[in-house]
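Each chain is listed here by its residues.
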Amino acid sequence: MSAKNETVVTRKSDRELVVTRLFNGPARIVFEAWSKPELFQRWWVPKTLGVPLRACEMDVRTGGGYRLEFGLDAANAMAFYGKYTEVTPHSKIVWTNEEGGEISVTTVTFEDRGGQTLLTLSELYPSKEACDEAIQGSAAGLPGQFEQLDALLVELVA
Amino acid sequence: MVQYSAARLDASFAALSDATRRGVLEALGRGEASITELANQFQMTLTGMKKHVAVLEEAGLVTSEKIGRVRTCRLVTSGLEEEAAWIERYRQRWALRFEALDEIVEDLKQREHQNVGKE
């Protein structure tokens, strides 16, 4: 069994967060795990989070829709929904997140790297504030200096 | 869940938004320096450098101490911990998911191998 691959996060701009990760399998397999609901729901909400996925409807094709419902019981469930605006098998999935009123867009690309897959996930928010809120929740209004910060952290913390 | 102070983060990210100030942090990462030395290094007036250092001090990234006639600046080593934690929380969310995804990818790979074997 190989060691865990590193999950890297960078803030590309005021409105965009990018997460990259390598997977030990070909793109067609990683894509399958993202696009088949029965597989997707096995990993999207890790057990350690303690909040189960109550419903998972996914129609992963261009123009299709999805709806995910989280919660301990029906009364406290939270729904996330949107559309797949672009689905290219084994290489790209783009979807919208429409539950917040404002639409944010998530793009996932799968690149084959000799038996491994480089996954790049980008979340583009409608505004800088929405982006800040998405990762932070309470302290909105931060200037988008994450790229510089990342570079600095490498130098200062390491 | 860790709570982050909005004002604190505003100050440190604003401090990092300037190339000279990032340069000063890097310079101080290599060792302490006086305002005069920093001003010379960045080809800047003493007053200009004092202002930059004041912003970094305000953000809690640098401390300075006047010894005799010289003001010496030092990096606060824990200065970026809160910001690092801020990104780390988001990264962990994805790392958790991806670890679970690793298992499924492994599972699918093995099934594929088995199927190939059967054919």
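Computed from a prediction, not measured in an experiment: that's the story for all the values here.

Visitor: Would you take a moment to explain the overall build of chain B for this structure?
Guide: If you tally the helices and strands in chain B, you get five helices and three strands. Start at the N end of chain B and walk to the C end: the helices and strands fall as α-α-β-α-α-β-β-α. Burial statistics for chain B: of 119 residues in total, 39% are counted as buried. Sequence separation of at least 24 residues holds for 52% of the intrachain contacts in chain B that already meet a minimum separation of 6. Carbon and sulfur atoms make up 49% of the accessible area of chain B, which totals about 6,700 Å².

Visitor: Sorry, what's going on with the pattern of salt bridges here?
Guide: Between side chains of opposite charge, a pair can form as their charged atoms come close. Summed over all chains, the structure comprises 13 salt bridges over all chains. For B:Asp107, the salt bridge goes to A:Arg42, with nearest N and O atoms at 3.5 Å. Here B:Asp107 is found in helix H5 (residues 81-118), whereas its partner A:Arg42 is found in helix H2 (residues 37-43) on a different chain. The class of B:Asp107 is partly exposed, set by a relative accessible area of 25%. With relative accessibility at 40%, the residue A:Arg42 sits in the partly exposed group. Note that A:Lys83 and A:Glu98 form a salt bridge whose closest N and O atoms lie 3.6 Å from each other.

Visitor: What exactly am I supposed to notice about the sheet that holds strand S3 (residues 53-58) of chain A here?
Guide: For sheets, the rule is that strands pair by backbone hydrogen bonds, running either parallel or antiparallel. Residues and elements named next belong to chain A. The strand order across the open sheet formed by eight strands is S1-S2-S8-S7-S6-S5-S4-S3, and the pairing between neighbours is antiparallel. Where the open sheet ends on each side, the last strands, each with one partner, are strand S1 (8-13) and S3. Along the sheet, successive strands turn relative to each other by an average axial angle of 20°, direction set aside. Relative to strand S4 (residues 65-70), S3 is paired through five bridges, and the arrangement is antiparallel.

Visitor: Teacher, can you tell me more about the environment of B:Leu28 here?
Guide: Residues and elements named next belong to chain B. Position of Leu 28 among the secondary structure elements: in helix H2 (residues 19-30). Since its relative accessible area comes to 5%, Leu 28 is described here as buried. In this structure, the C-alpha to C-alpha distance between Leu 28 and Cys 73, residues 45 residues apart in sequence, is 7.4 Å. Discounting residues that sit within four places of it in the chain, Leu 28 has contacts with Ala 33, Leu 38, Val 62, Cys 73, Arg 74 and Leu 75.

Visitor: Just to check I follow, could you spell out the nonpolar core for this structure?
Guide: Among soluble globular proteins, nonpolar side chains are generally buried collectively. By size, the foremost hydrophobic cluster in this structure holds 40 residues, and its most contacted members are A:Trp34, A:Trp43 and A:Trp44. It is H5(B) that provides the largest number of residues to this core, a total of eight residues. Ignoring anything within four residues of it in the chain, the contact list for A:Trp44 reads A:Trp34, A:Leu68, A:Phe70, A:Trp95, B:Trp94 and B:Arg97. B:Ala33, B:Met49, B:Ala59 and B:Val62 belong to the second-largest nonpolar core, a separate cluster that totals 18 residues.

Visitor: Quick question: what am I supposed to make of the sheet that holds strand S3 (residues 70-75) of chain B here?
Guide: Residue and element names in this part refer to chain B. Taken in spatial order, the three strands line up as S1-S3-S2 in an open sheet, and their pairing is antiparallel. The outermost strands of the open sheet, each flanked by one partner alone, are strand S1 (33-34) and strand S2 (62-67). Running over the sheet, H2 touches S1, S2 and S3 and is turned about 90° from S3.

Visitor: What am I meant to see in the packing of aromatic side chains here?
Guide: Any aromatic ring pair is given by two values, namely how distant the centres are and how the planes are angled relative to each other. According to the stated counting rule, one finds 14 aromatic pairs over all chains in the structure shown. Residues A:Trp34 and A:Trp43 carry aromatic rings whose centres are separated by 4.8 Å and whose planes lie at 65° to one another, so their mutual orientation is edge-to-face. The two residues A:Trp34 and A:Trp43 agree in class, both being buried. Between B:Trp94 and B:Phe98, the ring centres sit 5.4 Å apart and the planes meet at 40°, which makes this aromatic pair tilted. Of this pair, B:Trp94 and B:Phe98 both sit in helix H5, four residues apart, which is roughly one turn of the helix. For B:Trp94, a relative accessible area of 1% gives the class buried. Positioned over the ring face of A:Phe23 is A:Arg21, at 4.7 Å from the centre of the ring. Between B:Arg97 and the ring centre of B:Trp94, over which it is positioned, the NZ or CZ distance is 4.6 Å.

About the criteria used
Residues numbered from 1 in each chain as written. Chains lettered and ligands numbered in written order. Predicted model: local features only at pLDDT ≥ 70, side-chain atom pairs only at ≥ 80, totals over all residues. Heavy atoms only, no water. Helix = DSSP H or I, 4+ residues; strand = E, 2+ residues; numbered from the N terminus. Buried < 20%, exposed > 50% of the residue type's maximum accessible area, 1.4 Å probe, protein only. Contact = heavy atoms within 4.5 Å. Areas by Shrake-Rupley, 256 points an atom, 1.4 Å probe, with all protein chains shown as cover. Salt bridge = Lys/Arg side-chain N within 4 Å of Asp/Glu carboxyl O. Pairing = 2+ DSSP bridges. Axes fitted to C-alpha atoms, helices over the stretch in contact; angles between N-to-C directions. Core = buried A, V, L, I, M, F, W, Y, C linked by side-chain atoms within 4.5 Å. Phe/Tyr/Trp six-rings, centres within 6.5 Å; stacked < 30°, edge-to-face > 60°. Lys NZ or Arg CZ within 6 Å of the ring centre and 35° of its normal.

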